[in-house]
Amino acid sequence: MISTVLNDIKCNIHFDSNEHYVWPRITKNVEKNVINQLHKSISIYNRSGILKEFEDSFSEYHNVKYALLSNSGTNAIFSMFEGIGLQPGDEIIAPTYTFFATISPVIYTGATPVFCDCDATGNITVAEIKKKITDRTKAVIVTHMWGMPCDMDEISHLCKKRNLYLLEDCSHAHGATYKGQKVGTFGDAAAWSLQGQKIITGGEGGIMLTNNEEIYYRATLQGHYNKRCKQEIPENYELSKFSLTGMGLKFRAHPIAISIALEQFSHLDEFIAQKNIYAEKMISSFAKYPFLKVPSYENKSPSWYAFILQYDDRFSNGVSIDEFCEALHFIGLKEVDRPGSTAPVHNFPLFTEKSKIMPRLYNSTDHNQNDDDYSNAILFYKNAIKLPVWAFKDEENIVNTYIKGIESICDLVVNNPTVLKRG
Ligand SMILES: Cc1ncc(COP(=O)(O)O)c(C=O)c1O
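Computed from a predicted model, the values in this text were never measured in an experiment.

Account for the overall build of the chain, with residues named and values stated.
Of regular secondary structure, the chain possesses 15 helices and 15 strands. Since a compact globule built from 423 residues should have a radius of gyration of about 22 Å, the 23 Å found for the chain is in line with a globular shape. With the C-alpha coordinates aligned to their principal axes, the bounding extent of the chain is approximately 75 × 55 × 40 Å. Buried residues in the chain amount to 47% of all 423 residues. In the chain, the share of contacts with a sequence separation of at least 24, taken over all contacts with a separation of at least 6, comes to 71%.

Residue-level account of the sheet that holds strand S11 (residues 292-293), with values.
Reading across the sheet, the three strands line up as S11-S13-S15 and stay open at both edges, with antiparallel pairing between neighbours. The sheet is open, and its two borders are formed by S11 and strand S15 (384-387), each paired with just one other strand. In this sheet, S15 lies alongside strand S13 (residues 307-311) in antiparallel orientation, the contact comprising four bridges. Looking at the pairing, Phe307 lines up with Leu387 of S15.

How would you explain the domain arrangement of the chain if you had to name every residue and give the values?
Annotation of the chain at the domain level lists domain 1 (4-24 + 268-341 + 378-420) and domain 2 (28-266). When each unit is reduced to the centre of its C-alpha atoms, the spacing between domain 1 and domain 2 is 31 Å. Across the contact, 20 residues belong to domain 1 and 22 residues belong to domain 2. The set of elements that each furnish at least two residues to the side of domain 1 that touches domain 2 consists of helix H10 (268-286), strand S12 (300-301) and helix H14 (375-382). Of the residues in the side of domain 1 that touches domain 2, the class split is 14 nonpolar, four polar and two charged.

Talk me through the environment of Trp146; I want residue IDs and the actual numbers.
With respect to the element layout, Trp146 can be found in the loop between strand S5 (137-143) and helix H6 (152-161). Through-space distance from the C-alpha of Trp146 to that of Phe330 is 26 Å; in sequence the pair is 184 residues apart. Trp146 has contacts with Gly122, His172, Tyr305, Ala306 and Ile308, leaving out every residue within four places of it along the chain.

Can you explain unusual backbone geometry? Please cite residues and give values.
With an omega dihedral of -5 degrees, the bond running from Trp23 to Pro24 counts as a cis peptide bond. Note that Pro24 resides in the loop between helix H1 (4-12) and helix H2 (28-40). Although it is not a glycine, Asn63 adopts a positive phi angle of roughly 55 degrees. If you trace the backbone, Asn63 turns up in the loop between helix H3 (49-62) and strand S1 (66-70). For Trp304, which is not glycine, the phi dihedral falls at a positive 55 degrees. Secondary-structure assignment places Trp304 in the loop between S12 and S13. For Trp304, a count of 29 C-beta atoms within 10 Å translates into the label buried.

Help me get a handle on the pairing of S1, residues and values and all.
Among the five residues that make up S1, five are buried, leaving the element largely enclosed by the rest of the structure. Here S1 shows a buried face lined by Tyr66, Leu68 and Ser70 and a second buried face lined by Ala67 and Leu69. As paired strands, S1 and strand S10 (residues 206-210) are joined by five bridges and run antiparallel to one another. Each bridged residue has a counterpart across the sheet, and for Ala67 the counterpart in S10 is Leu209.

Describe helix H7 (residues 213-223), with residues and values.
H7 sits mainly inside the fold: nine of its 11 residues count as buried. Among the residues making up H7, those that are buried are Ile215, Tyr216, Tyr217, Arg218, Ala219, Thr220, Leu221, Gln222 and Gly223. In this structure, the buried residues of H7 make contact with S1, helix H4 (73-83), strand S9 (189-193), S10 and helix H8 (227-232).

Would you mind going over the packing of helix H11 (residues 321-330) against helix H15 (residues 396-415) in detail, with residue names and values included?
Interaxial distance between H11 and H15 falls to 10 Å at its minimum, and their mutual angle equals 140 degrees. Between H11 and H15, the interaxial angle falls into the category oblique. With respect to the hand of their crossing, H11 and H15 are arranged in right-handed fashion. Listed contacts from H15 to Phe324, Ala327 and Leu328 of H11 are Gly405, Ile406, Ile409 and Val413. Classifying every residue of the contact of H11 with H15 gives six nonpolar, one polar and no charged.

Rules used throughout
- Residues numbered from 1 in each chain as written.
- Predicted model: local features only at pLDDT ≥ 70, side-chain atom pairs only at ≥ 80, totals over all residues.
- Helix = DSSP H or I, 4+ residues; strand = E, 2+ residues; numbered from the N terminus.
- Rg over C-alpha atoms; globule rule 2.2 N^0.38 Å.
- Buried ≥ 20, exposed ≤ 12 C-beta atoms within 10 Å, placed from the backbone.
- Contact = placed C-beta atoms within 7 Å.
- Pairing = 2+ DSSP bridges.
- Domains from an automatic or database assignment.
- Nonpolar A, V, L, I, M, F, W, Y, C, P; charged D, E, K, R; others polar.
- Axes fitted to C-alpha atoms, helices over the stretch in contact; angles between N-to-C directions.
- Parallel < 35°, antiparallel > 145°, perpendicular 65-115°, else oblique.
- Left-handed = near helix turned anticlockwise from the far one by under 90°.

Quick look at the structure:
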């Protein structure tokens, strides 16, 4: 039975529109770019046109030499793995708390993913990485979860010291910085998704950056055969004779997608500045509740891909996270989410039973890591409540409505918890 208290709160909440969070915003400029591109070219074979324009501005923004667009973030990550030549016998250290595509392409290389637990912010830590290094470790990949940069100086210092490749999955973190330095510039290569929900999006797409010539050539050969390879790979490079066929795969980006992404990219810093204002407002509104842990980010400027609250039911007067979220949904806050597929990945069959799905590269004795301690990641996942962080000034009303709605339910948790309990 729904209490009258909740009904009253619901009646007091007014939404200007049925759409609470619209991303990306299809502006007149986006429409114009798409139409222009439609008449110019819908398939580009080499590094030219809109693909070159995007790659140039993305690499300039990050001050990195080589950029390589592809048709997904997953393939941009796969290109990094091919770029560093991962192979059977190698180990690559990865976060367990991430979206699985951070590491899933590894099973095409025969290398073994070795998973790490996270800290209280959801990110991989240098201490965990240290524990997992063996003499077979070739690389470390980190994900800046939800747009919150990892502690990159410690991690890059360790990788340099131990002679390991450092790769960054920046799919949540376009434009984020750590101690003033942009994420994606700390290691040997970095990849970004440009998929529909991402801060810069073409609907589908991905991009890789590197300063390392060898990584760039191998990645180009992997998925960009013929004209682009012939244009980019010098004849004296040992694999240049493969330029016509590449490695047999095709990861080319769609020009229409990139025309959408390019327009958005020109607003990235504005998006982040506005998101920052809203995120700070959310933090100062929710920090007063002992059962909600708000993001903290000293030395970091997050991209605010999402705003993750950690629910602590030790202080919630018996109101469970399910009951809390149910109440938020009941009063109409439909964007409140509990992330599902972004979860600890170490027990996914893709990693624990690699030999079943990829018997040509793995055998049944390949170990899995079920017994390791991933308790922080499991807890972070269980307690995560995700909110969007709006990016436009004209969305102030919806942001305020969400804040007011969440505060009303939080006040009930504190003062009148029984109305929220199911039974
Ligand atoms: C952290 C992370 N890495 C990689 C990807 C894969 O990107 P894509 O969907 O563009 O292949 C995603 C997509 O959601 C992601 O969130």
